[in-house]
Every structure is written in structure tokens, then in C-alpha cells.
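Residues per chain, in single letters:
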Amino acid sequence: MTTEDLLEKWREATRAAELAERLATLAAEAAAQAERGALSADEIATLAERAAESADRAAEVARQAATRAQEFATSTRSERHSDAVKAAADARILESEARDRYHDAEREERIRHGLEKKS
């Protein structure tokens, strides 16, 4: 081998070493990036799990609120119906009392005018 051949081999070896060094650096960066990606994926999975749990809790609270609202609406409707029935009965009683007072007053007026005998 000549010194020129040796120089060429040395240059090739240097280029190969530099290339190997760059490839090693790229591989290390890719590994680090993959690790960061895995950590990010783990964090995202944890956040997604927490979000799902929160959604489940929110859905349960919404179901309970809907049940309470339905119970309230039903009880209120029943109470309103009962109140209306009682108000109607009270009105009938008042109407009956007013009718009786009217007839009593009318009878007393006829008696005063001698149109009817006192019983």
C-alpha cells in the first residue's frame, strides 16, 4: 500500500467514524424522543381515564337530578290537583252557605210582608 492509499483509507475510516457518530447521535435522539412520546402517551392515557371517570360521575349526578326533578314534578302535580279539588269543595261549601243565607233572607222578607207564615 502506498501512503496515498493509506491516506484514502484513513479518510474513509474518518468519514465512516463520523457517519457512525452521527448515526449514534440520531439513534440516541430517536430513543429519547420515543421515550418522551411514551411518557406523553402515558400522561394522555391517564388524563383520558380521569376524564372518563369525571364523565361517569357527571352522568350519575345528572341522573340523580333528573330523578329528583321528576319526583318533584309528580309530587307538585299531585299536590296541585289535591289543592284544586279542595278549593272546588270549599267553593261548593261557600256557595251552599250563600244559597242558604239568600233563601233565609228571602223567606224572612216574605214573612215581614206577610206573604209567608213563620215556621
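Before reading on, note that the structure itself is shown above.
None of the values given here were measured: they were computed from a predicted structure. (Residues numbered from 1 in each chain as written. Predicted model: local features only at pLDDT ≥ 70, side-chain atom pairs only at ≥ 80, totals over all residues. Heavy atoms only, no water.)

Attention now moves to the overall build of the protein chain. Looking only at helices and strands, the protein chain has one helix and zero strands in total. The globule rule puts the C-alpha radius of gyration for 119 residues at 14 Å, and the 50 Å found for the protein chain is more than 25% above it. Only carbon and sulfur atoms are counted for the fraction: they give 58% of the accessible area of the protein chain, which is about 10500 Å². The average position of the 20 basic charges and that of the 26 acidic charges among the side chains of the protein chain differ by 13 Å. (Helix = DSSP H or I, 4+ residues; strand = E, 2+ residues; numbered from the N terminus. Rg over C-alpha atoms; globule rule 2.2 N^0.38 Å. Areas by Shrake-Rupley, 256 points an atom, 1.4 Å probe, with all protein chains shown as cover. Lys, Arg positive; Asp, Glu negative; His and termini not counted. Charge placed at Lys NZ, Arg CZ, Asp CG, Glu CD.)

Further remarks concern the pattern of salt bridges. Working definition: two side chains of opposite charge can pair if their charged atoms are close together. With the rule as written, the count across this model stands at seven salt bridges. Of the charged contacts in the structure, one is a salt bridge between Glu60 and Arg63, with a shortest N-O distance of 3.0 Å. Of this pair, Glu60 and Arg63 both sit in helix α1 (residues 3-112), three residues apart, which is roughly one turn of that helix. Overall, Glu60 belongs to the partly exposed group, its relative accessible area being 35%. A relative accessible area of 49% means that Arg63 is categorised as partly exposed. Among the salt bridges present, the one from Arg99 reaches Glu95, with a minimum N-O distance of 3.7 Å. Pair noted here: Arg99 and Glu95 are both in helix α1, with a separation of four residues, about one helical turn. The network of salt bridges with shared partners includes Glu95, Arg99 and Asp100. (Salt bridge = Lys/Arg side-chain N within 4 Å of Asp/Glu carboxyl O. Buried < 20%, exposed > 50% of the residue type's maximum accessible area, 1.4 Å probe, protein only.)

What follows covers the environment of Asp100. With respect to the helices, strands and loops of the structure, Asp100 is situated in helix α1. With 70 residues separating them along the chain, Asp100 and Ala30 place their C-alpha atoms 102 Å apart.

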